Amino acid sequence: MCTVSMIGDHYNNIWKERYKFYPNRIPDNVTVPVKHVSQYEFDQLKRQVEEMKLLLERAIKYDEENDEPHCETEEKMELLRKMAALVGVDLDEVIGAAGQ
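Residues numbered from 1 in each chain as written. Predicted model: local features only at pLDDT ≥ 70, side-chain atom pairs only at ≥ 80, totals over all residues. Heavy atoms only, no water.

**Student:** Please give an account of helix α1 (residues 3-18) that cites residues and values.
**Tutor:** For α1, built from 16 residues, the straight-helix expectation of 22 Å at 1.5 Å per residue is met to within 8% by its first-to-last C-alpha distance of 23 Å. Every buried residue belonging to α1 is among T3, V4, S5, I7, G8, Y11, N12 and W15, and all of these are buried. Those residues of α1 that are buried are in contact with α2 (39-65) and α3 (74-86). (Helix = DSSP H or I, 4+ residues; strand = E, 2+ residues; numbered from the N terminus. Expected span 1.5 Å × (residues − 1). Buried < 20%, exposed > 50% of the residue type's maximum accessible area, 1.4 Å probe, protein only. Contact = heavy atoms within 4.5 Å.)

**Student:** Can you lay out the pattern of salt bridges for me, pointing to particular residues and giving the numbers?
**Tutor:** Where side chains of opposite charge bring their charged atoms close, a pairing between them can arise. Per the counting criterion, the structure on display carries five salt bridges. For D9, the salt bridge goes to K76, with nearest N and O atoms at 2.7 Å. Placement of D9 in helix α1 and of K76 in helix α3 is noted, with a sequence separation of 67 residues between them. Exposure remark for D9: the relative accessible area of 24% places this residue in the partly exposed category. Several salt bridges share partner residues, and in doing so they unite E74, E78, R81 and D92 into one network. (Salt bridge = Lys/Arg side-chain N within 4 Å of Asp/Glu carboxyl O.)

**Student:** Account for the state of the cysteines, naming residues and giving values.
**Tutor:** The full count for this structure, using the stated rule, is one disulfide. Paired by a disulfide, C2 and C71 hold their sulfur atoms 2.4 Å apart. Judged by the torsion about the S-S bond (-100°), the C2/C71 disulfide is left-handed. Of the two residues, C2 is situated in the segment before α1 and C71 in the loop between α2 and α3; the sequence distance between them amounts to 69 residues. On the basis of relative accessible area, C71 is assigned to the partly exposed category, the value being 32%. (Disulfide = S-S within 2.5 Å.)

The following block contains the structure:
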């Protein structure tokens, strides 16, 4: 398994368990009110997203240096993009824009 995919799985698993507003539970065409989260919860999620972004950068470099294939799925990367967007972090500079 490529390292990028493994990191995506790790964070997706954490967030799926922890957050009821996890993006794959809400259809794109539906507006769902989300309960207010505390500043602490927001800051904790933002720290995790920023940590994930750094790990993804390192994983991409590792995969390239070790001739690992790009095995991450666009669906998985889109979930990471959505969670990052919730806290104002842009992952496109690391994993590329959706559909690239």
